[in-house]
Amino acid sequence: MSSRSFPKPPTGTAVLTEPTHTMITLAPQNIRLQARARTKEEAIRAAGQVLVDCGAIAPGYVDSMMGRERQANTYLSHGIAIPHGMPQDRELIHRTAISVVQVPEGVIWNDGQTVRLIVGIAAKSDEHLGILAALTDVLDDAGAAARLAHTSNPQDIIAALSRRQETGGAGADLAGAKEVEVIMACSAGLHARPATFFVEVASKFSSDIAVKFGEKTANGKAMASLLKLGVPGGASVRIQAAGADADAALKALAEAVAAGLGDEEEEDLVPAAGAMAAWTAHSYGRAITGVSASPGLAIGRLHIFQPTRLFFSDSAQNLELEKRSLIGALEAARIQLDEIHDAVMARCGKSKAAIFKAHQALLDDEDLLHEVQVRIDSGRSAAWSWQHSIENRVVEMRQIADERIAARAVDLHDVGQRVLRLLAGADHETSLPEGEPVILVADDLTPSDTAKLDPSRVLGLCTASGGPTSHTAIIARSLDIPAVVGAGQAVLEQTNGILCILDGATGQLYIEPSAQDIESARQYQQDLHSRREDEAAARYQPAMLTDGHRVEVVANIGKVSEAAAAVEAGAEGVGLLRTEFFFLDRDAPPSEQEQYEAYRTMIEALNGLPLIIRTLDIGGDKVLPYLPLAEEENPFLGVRGIRLCLRKPEIFIPQLRAIYRASVHGPVKIMFPMIATLEDLRAAREMAEQVRQELGVAPVEIGIMIEVPSAVMMAHELARETDFFSIGTNDLTQYVLAMDRMHPALAKQVDGLHPAVLRMVDLTVKAAQKCGKWVGVCGGVAGDPLGAAILTGLGVAELSMAVPSVAAVKARLRELSLPAAQKLARRALACASATEVRALAVS
């Protein structure tokens, strides 16, 4: 024992010892049985309150426990979690202690994990390692964990956490193993996070891995086993490996340990490299969780939208009058949709307004109109006939297997209701109360309901149904209105006029928040506004990191006018010109001359800044009316991108000619989309070179989009035959995860910061750098400031993004050093989920 003296623990108290001989007591009063918690936050605060009540911590340390949970998931396994605070807040710990809160009914932690035993830890140094060593015995026994989750006797928990077992026996070695001795570099020791990192590295090798500390041996591929070792920072451990790749495994693990196993101190972490750190509620009162549809924070009173009730007869006395009424209603609906289209185009742009052109087309559906006429002829009223004909189609559309199409049933319903209101003689307004603006709540809003909203009157939107890819969500984003969708029926059961906070970024609606939360949310809004003003003022400064490393920040654009807007926003050029805008919404393809003049206009607007022109990327979710394509069961895996261009030289060659002709006016690069094979690249380059020689102009750089896994795996070969890569993370993500990014049920999971996608980026950059080629990223991740920081750390040289993101990303990058970004990237690559990656953003 240590020379220090300790008071004798009271009866019924367990003494937990560890290699450093620190004594930790677990008394019955530190255990709370049969607790209830609706949320993870409530459970953590309950564990923290036990520690406050026993005098172990100051109340502020509970907030530190919440802060730690936002950085890293503290779930272990078998329904056990170990929330603890951040190292910089250890001065709030009066004495080392633990608490145990039992929630028999369970509480959802992360990613569907159910926790029934919450072990709160307050450790002044590395003392918690001994607690983990004792606790992990329980993790080896699912039955024991289940018994503790339902026991009514606190002594059962005390006894379980006081047992100690040694794995592998004293000095047990792997048969025929090689070994290396290393010093544990992570200052906090081998706790949960670095142990997870170690397992991640070890699992890449087929060899058996063991770790020895003193007389104890652990399985190097099992986190719970590693935690039993209780290795403190600075301790010496031996890593053993037995198998065909033992040497490589030992080398990789030794390097990982020397680098700290991804466990930098919190003060060394990269700040939330995005926008500011997310706002966080402190009181954790009632909250309704939905899906983020449009980011932003709104504070206001709820107004629950009630749709207009329509009344009409099902039969008709004068059939000719009914038919004339139908014709008049259809014409009036066309006029209304024209007005909405023009208003939305003025506020949100042509692409958003196109929704209402599609609505007009539904009014001209011959089959639909014929069916309505037949019903009227049978003696039914126009209103009744129209409603039944529309609703039959809505039901059919909702049953379509392709959920993206099924989700568009709301558009058909929207058109149907518009005509039905006209037939019934009912006005329809999304009426709002007089006075202060509100947070609007509805079961769902149609696109036309959303388009008519006045952002000065509507602070935010929250719907019970709907998805993040719906037209309603798209319009909300374009209007910059914070929105949450899919929140469930509970949101409709709230009281009109209650004060709420809607967080569009996290998908939360906080009901009747505390005065503290309201004040902090208002301060957050002010801080965000000030930050945006500072970013805009510095938008022309380069994205120069603190150590002099520079990242080129450019823009994604889709039409002529956006070139000048990109320069005005601070972009250093155009990293992706989507040329589809010339080919869509017309009856014939654009001529070579028309394209040439547009490209030249853009080049002149950029005034010497580079322009990367992506050749036509049609197919999958984009079709041309004058270019009929065979129906494909899987269009995203069919003839799209460069495959289509190679099959349609009458489209491809005029575009190439226009680009080469325009290249004499300024710096232009050509980029081919959806390159999946070396053969595709060679065929496209051959056509381009033939065009160039015919025109007699100088060569330009030619790059390719990296959007499919095969291109990543062939990146070395592709890099030798191209000048640069641009990674399209939007498509790459859906192909890597095998999830349609427009799928209403899956879109939430299609995250470009998923480790699988980041590892693809890492492989691509390394292959390109070996061939002396640079890599850009033009997908959505580049415009996410956290994503921008990670990509910079991975070696990406150019980040191309939507114009509004340029100033914020440049500002964030100026706050980083390259070593800090590289550390962040390494940690991101070692994560197991997109949630873990996003948790690396530390405020």
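Since this is a predicted model, take the numbers as computed values, not measurements. (Residues numbered from 1 in each chain as written. Predicted model: local features only at pLDDT ≥ 70, side-chain atom pairs only at ≥ 80, totals over all residues. Heavy atoms only, no water.)

Asks: Can you walk me through the overall build of the protein in this structure?
Replies: Along the protein, the regular secondary structure elements total 31 helices and 28 strands. Burial status across the protein gives 54% buried among its 843 residues. Here the contacts in the protein between residues at least 6 apart in sequence split such that 70% fall between residues at least 24 apart. For the protein, the exposed surface amounts to about 34900 Å²; the carbon and sulfur share of it is 51%. (Helix = DSSP H or I, 4+ residues; strand = E, 2+ residues; numbered from the N terminus. Buried < 20%, exposed > 50% of the residue type's maximum accessible area, 1.4 Å probe, protein only. Contact = heavy atoms within 4.5 Å. Areas by Shrake-Rupley, 256 points an atom, 1.4 Å probe, with all protein chains shown as cover.)

Asks: Teacher, can you tell me more about the environment of Leu253 here?
Replies: Looking at where Leu253 falls in the secondary structure, it is placed in helix α8 (residues 246-258). On the basis of relative accessibility, which here comes to 0%, the residue Leu253 falls in the buried class. Note: C-alpha distance between Leu253 and Ile239 (14 residues apart in sequence) is 8.0 Å. When sequence neighbours within four positions are dropped, the list of residues in contact with Leu253 reads Phe198, Val201, Ala202, Ile209 and Ile239.

Asks: What's the story with the packing of helix α17 (residues 515-537) against helix α29 (residues 806-813) in this structure? I'm lost.
Replies: Two elements in contact, α17 and α29, have axes whose closest approach is 9 Å; the angle formed by their N-to-C orientations is 90°. Taken together, the axes of α17 and α29 lie roughly perpendicular to each other. On the side of α17, the interface is formed by Arg531, Arg532, Glu535 and Ala536, while α29 contributes Ala807, Ala808, Ala811 and Arg812. Its residues assigned to classes, the contact of α17 with α29 shows 4 nonpolar, no polar and 4 charged. (Axes fitted to C-alpha atoms, helices over the stretch in contact; angles between N-to-C directions. Parallel < 35°, antiparallel > 145°, perpendicular 65-115°, else oblique. Nonpolar A, V, L, I, M, F, W, Y, C, P; charged D, E, K, R; others polar.)

Asks: Can you help me understand the pairing of strand β28 (residues 798-802) in this one?
Replies: On a regular strand, one side chain projects to one face of the sheet and the next to the other, so that they alternate. β28 sits mainly inside the fold: 4 of its 5 residues count as buried. Taken together, the 5 bridges between strand β21 (residues 550-557) and β28 define a ladder with parallel strand orientation. Residue pairing for β28: Glu552 is matched across the bridge by Glu798. Crossover strand β27 (residues 774-777) to β28 through helix α28 (residues 785-793) is right-handed. (Pairing = 2+ DSSP bridges. Right-handed = clockwise from strand over helix to strand, strands pointing away.)

Asks: When you look at the sheet that holds strand β11 (residues 236-242) in this model, what are you seeing that I'm missing?
Replies: Strand pairing in a sheet is mediated by backbone hydrogen bonds. Such pairs are either parallel or antiparallel. Read from one edge of the open sheet, 4 strands run β8-β11-β9-β10, paired in antiparallel fashion. Looking at the sheet topology across the chains shown, the edges are occupied by β8 (178-183) and β10 (216-219). When strand polarity is set aside, the average angle formed by the axes of neighbouring strands in this sheet is 25°. Bridging between β8 and β11 involves 6 bridges; their strand directions are antiparallel. The residue bridging Val182 from the neighbouring strand is Val237, located in β11.

Asks: Where do I start with the sheet that holds strand β18 (residues 499-503) in this structure?
Replies: The 8 strands are arranged β12-β19-β18-β14-β15-β16-β17-β13 in an open sheet whose pairing can be described as mixed. Looking at the sheet topology across the chains shown, the edges are occupied by β12 (287-289) and β13 (291-294). Each adjacent strand pair in this sheet contributes to an overall mean axis angle of 30°, direction not counted. Looking at chain direction, β12 and strand β19 (residues 508-511) are connected through 3 bridges and run antiparallel. Paired with Thr289 across the two strands is Gln508, which belongs to β19. Lying over the sheet, α17 contacts β14 (297-304) and β18, oriented at roughly 120° with respect to β14.

Asks: Teacher, can you tell me more about the packing of aromatic side chains here?
Replies: Describing an aromatic ring pair means giving the distance of the ring centres and the angle of the ring planes. The final tally for this structure, using the stated rule, is 4 aromatic pairs. Between the aromatic rings of Phe652 and Phe672, the centroid separation amounts to 6.2 Å while the plane-to-plane angle is 65°, which identifies the pairing as edge-to-face. With Phe652 in helix α22 (residues 649-662) and Phe672 in strand β24 (residues 668-672), the pair connects residues that are 20 residues apart, well separated along the chain. In this structure, Phe652 and Phe672 share a single accessibility class: buried. Between Phe724 and Trp774, the aromatic rings sit 4.8 Å apart at their centres with planes inclined by 5°, giving stacked as the arrangement. In this pair, Phe724 sits in strand β26 (residues 724-727) while Trp774 sits in strand β27, placing the two residues 50 residues apart along the sequence. The class of Trp774 is partly exposed, set by a relative accessible area of 26%. One Lys or Arg, Arg380, reaches over the ring of Trp384 and ends 4.1 Å from the middle of that ring. Above the ring of Tyr596, the side-chain terminus of Arg661 is found at 4.2 Å from the ring centroid. (Phe/Tyr/Trp six-rings, centres within 6.5 Å; stacked < 30°, edge-to-face > 60°. Lys NZ or Arg CZ within 6 Å of the ring centre and 35° of its normal.)

Asks: Just to check I follow, could you spell out the pattern of salt bridges for this structure?
Replies: Between side chains of opposite charge, a pair can form when the charged atoms approach closely. The tally for this structure, following the rule as stated, stands at 28 salt bridges. The partner of Asp247 in a salt bridge is Lys178, with the nearest N and O atoms 3.0 Å apart. Here Asp247 is found in helix α8, whereas its partner Lys178 is found in strand β8, with 69 residues between them in sequence. By relative accessible area, Asp247 is classed as partly exposed at 49%. The partly exposed category is assigned to Lys178, whose relative accessible area is 42%. Measuring nitrogen to oxygen at the nearest pair gives 2.9 Å for the salt bridge that ties Arg657 to Glu592. Of this pair, Arg657 sits in helix α22 while Glu592 is found in helix α20 (residues 592-606), placing the two residues 65 residues apart along the sequence. (Salt bridge = Lys/Arg side-chain N within 4 Å of Asp/Glu carboxyl O.)

Asks: Just to check I follow, could you spell out the packing of α22 against helix α23 (residues 678-695) for this structure?
Replies: Axis separation between α22 and α23 bottoms out at 9 Å; the angle between their running directions is 50°. Taken together, the axes of α22 and α23 are oblique relative to one another. Between α22 and α23 lies a crossing whose hand is right-handed. Across the interface between the two elements, Pro649, Phe652, Ile653, Leu656, Arg657, Tyr660 and Arg661 from α22 touch Met687, Ala688, Val691, Arg692, Glu694 and Leu695 from α23. (Left-handed = near helix turned anticlockwise from the far one by under 90°.)

Asks: I keep staring at α20 and nothing clicks. Help me out?
Replies: The periodicity of an α-helix, 3.6 residues per turn, causes residues three or four positions apart to be oriented the same way. The end-to-end C-alpha separation of α20 is 21 Å, in line with the 21 Å expected for 15 residues at 1.5 Å each. Glu592, Gln595, Tyr596, Ala598, Tyr599, Met602, Ile603 and Leu606 are the residues of α20 that are buried. Along the axis of α20, the buried residues cluster in a sector spanning 165°; they form a single face. (Expected span 1.5 Å × (residues − 1). Arc of directions from axis to C-beta.)

Asks: How do you make sense of helix α30 (residues 818-829) when you look at a structure like this?
Replies: For α30, with 12 residues, the first-to-last C-alpha span of 16 Å sits near the 16 Å given by 1.5 Å per residue. For α30, the complete set of buried residues consists of Leu818, Ala820, Ala821, Leu824, Ala825, Arg827, Ala828 and Leu829.

Asks: Help me understand the nonpolar core, please; the structure alone is not making it clear to me.
Replies: Most often, soluble globular proteins have nonpolar side chains that are buried together. Core analysis: the largest hydrophobic core is formed by 97 residues, its most contacted members being Phe672, Ile790, Leu799 and Leu813. One finds Leu190, Phe198, Ile209 and Leu261 within the second-largest nonpolar core, a separate group that totals 29 residues. (Core = buried A, V, L, I, M, F, W, Y, C linked by side-chain atoms within 4.5 Å.)

Asks: Would you mind showing me how to read the side chain of Glu707 here?
Replies: Structurally, the position occupied by Glu707 is in the loop between β25 (701-706) and α24 (709-713). The side chain of Glu707 is buried and forms no salt bridge, while Arg614, the nearest opposite charge, is found at 4.8 Å. Among the polar contacts listed, one links the side chain of Glu707 to the backbone nitrogen of Met674, at a separation of 2.6 Å. Sequence-distant contacts of Glu707, defined by excluding residues within four places in its chain, comprise Pro673, Met674, Gly728, Asp731, Leu732 and Tyr735. (Lys, Arg positive; Asp, Glu negative; His and termini not counted. Polar contact = N/O pair within 3.5 Å; in protein donor to acceptor, adjacent residues only side chain to side chain.)

Asks: What should I look at first to understand unusual backbone geometry in this one?
Replies: Most peptide bonds take the trans configuration, and most residues that are not glycine carry a negative phi. In this structure, Gln34 is a non-glycine residue whose phi angle is positive, near 55°. Structurally, Gln34 can be placed in the loop between β3 (31-32) and α1 (40-53). Relative accessible area serves as the criterion here: at 48%, Gln34 is assigned to the partly exposed category. Positive phi, close to 45°, is recorded for Glu512, a residue that is not glycine. The topology assignment puts Glu512 in the loop between β19 and α17.

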